[in-house]
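The chain contents come next:
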Amino acid sequence: MKKTILFFVCLLTLISIGTARTFLDTANNPAILNAYQLDVAPTIDGMDSGWDAIPWTELYFNDHDWNSDSFQDPLPDKRDLMARYKAAWMEGSSELFLIIESRDNELVTSGDKMDGFVISIDPLNEKTAGAPGSGAAYAITFPAGSVEHSAFLGATAPVYRSAAAVNSELFPSKATLELAISLPAGVAMANGTKMGFYLQVDDVDTDLGYSELEHTLVPWPPLFKDGEKIPPRSSKDDVSKWGELELAGKPVHVAIAEGESIQSAIDNAAPGLTVINVAGGTFAEILIIESSGIYLTGSTDGANPTILINEDRFLPAISVTWEAMGTVIENMTIGSFNGDSSTTEGY
């Protein structure tokens, strides 16, 4: 028997609560994403140039009840909408770098409603209740394929450099937005700095004969505040209910050759993001991931895949605890001694 499963992601990075006031759950695990430090600024060309050191992070469905029928919006499948992003910063620069990529079976780039990207930033982390406007927070919208924003909410629009690309020859079609956003002088560009943040990728479909917003992908599942689940759409429309983006250090890359221990690399991973690149070959291990920030990726060489053999059919081949949020596993074939296998795939 052979089956395929999408790559496994434990949402976000678990960091000490600090000043975060929006959480993933009632246990007050903070809703925090990371922007990773780069030595050289990426080229803003819409082509992912200069981003190689940082892996992609996938965005997720979050029911926004767009038609206000009190029922869950339809879940998009991978052909209808998927999206991912990278975020970075650089010492000596006041810019926040973002690249966002969406894949959609129908890219709507004209009309009253269009596919697009909404980037919401509270640069001073003021957490002012209500929509952006009174403080430094803002939300800015870019239609798919556009280098100029089409909508802005806030007091002052940010200065930014941008590049955009659309590739309709692929299926699903791909839209990319890349930004270098200038942050206010009051933002300390240093490891550990946090700012309010929310990211949204919108999907408009015309299968009903008119443009209608059907799906939205965001970095988090429904969030919590003061022990209560935040209603649909409230996170986006209220600065105090956004999550946070933290400026983090440089990713650490570790290479594992056949015959070496994957588990040892996991256990010795430093705090922050550790990218463990596992070479092609067969590894007889049961993996347990108990710390955050692990990006485990196997070989992309189809002739020499990374195969993880489960040594005990009564145990999972890979276990990821709740404390290990931020974990991504891809490009690994998981087999057993009886010949069954499954494959973790990247986006």
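Residues numbered from 1 in each chain as written. Predicted model: local features only at pLDDT ≥ 70, side-chain atom pairs only at ≥ 80, totals over all residues. Heavy atoms only, no water.

1. Things to note about the overall build of the protein chain
So, step 1. When its secondary structure is counted, the protein chain shows two helices and 27 strands.
So, step 2. Within the protein chain, the proportion of its 347 residues that are buried is 51%.
So, step 3. Pairs at least 24 residues apart make up 63% of the contacts formed inside the protein chain by residues separated by at least 6 positions.
So, step 4. Entry remark: accessible area of the protein chain is about 15,300 Å², with carbon and sulfur atoms responsible for 52%. (Helix = DSSP H or I, 4+ residues; strand = E, 2+ residues; numbered from the N terminus. Buried < 20%, exposed > 50% of the residue type's maximum accessible area, 1.4 Å probe, protein only. Contact = heavy atoms within 4.5 Å. Areas by Shrake-Rupley, 256 points an atom, 1.4 Å probe, with all protein chains shown as cover.)

2. Considerations on the environment of Pro42
So, step 1. Structurally, Pro42 is set in the loop between strand 3 (32-37) and strand 4 (57-58).
So, step 2. Overall, Pro42 belongs to the buried group, its relative accessible area being 4%.
So, step 3. Considered as a pair, Pro42 and Ala180 are 138 residues apart in the sequence and their alpha carbons are 8.9 Å apart.
So, step 4. Non-local contacts of Pro42, meaning those with residues more than four positions away in its chain, are made with Ser49, Gly50, Trp51, Phe97 and Glu178.

3. Some thoughts on unusual backbone geometry
So, step 1. A cis amide bond, omega -5°, links Phe171 with the succeeding residue Pro172.
So, step 2. Positive phi values are uncommon outside glycine, yet Lys127 reaches one of about 55°.
So, step 3. Structurally, Lys127 can be placed in the loop between strand 8 (116-122) and strand 9 (138-143).
So, step 4. Among the residues examined, Lys127 registers a relative accessible area of 10% and is labelled buried.
So, step 5. One non-glycine residue with positive phi stands out, namely Asn331, at about 60°.
So, step 6. Position of Asn331 among the secondary structure elements: in the loop between strand 25 (328-330) and strand 26 (332-336).

4. Comments concerning the packing of aromatic side chains
So, step 1. For the structure on display, the rule yields two aromatic pairs.
So, step 2. Measuring from centroid to centroid gives 5.2 Å for Phe142 and Tyr160, while their planes differ by 80°, and the two rings are edge-to-face. Separated by 18 residues along the polypeptide, Phe142 in strand 9 and Tyr160 in strand 11 (residues 160-167) bring together distant segments of the chain.
So, step 3. The class of Phe142 is buried, set by a relative accessible area of 1%. (Phe/Tyr/Trp six-rings, centres within 6.5 Å; stacked < 30°, edge-to-face > 60°.)

5. Concerning the pattern of salt bridges
So, step 1. As enumerated under the stated definition, the model contains eight salt bridges in all.
So, step 2. Its salt-bridge partner being Asp48, residue Lys86 comes within 3.6 Å of it at the nearest N-O pair. Placement of Lys86 in strand 6 (residues 81-89) and of Asp48 in the loop between strand 3 and strand 4 is noted, with a sequence separation of 38 residues between them.
So, step 3. Given a relative accessible area of 23%, Asp48 falls into the partly exposed group.
So, step 4. Between Asp238 and Lys241 there is a salt bridge, and its shortest N-O distance comes to 4.0 Å.
So, step 5. Three or more residues are tied together by salt bridges with common partners; here these are Arg84, Glu101 and Lys174. (Salt bridge = Lys/Arg side-chain N within 4 Å of Asp/Glu carboxyl O.)

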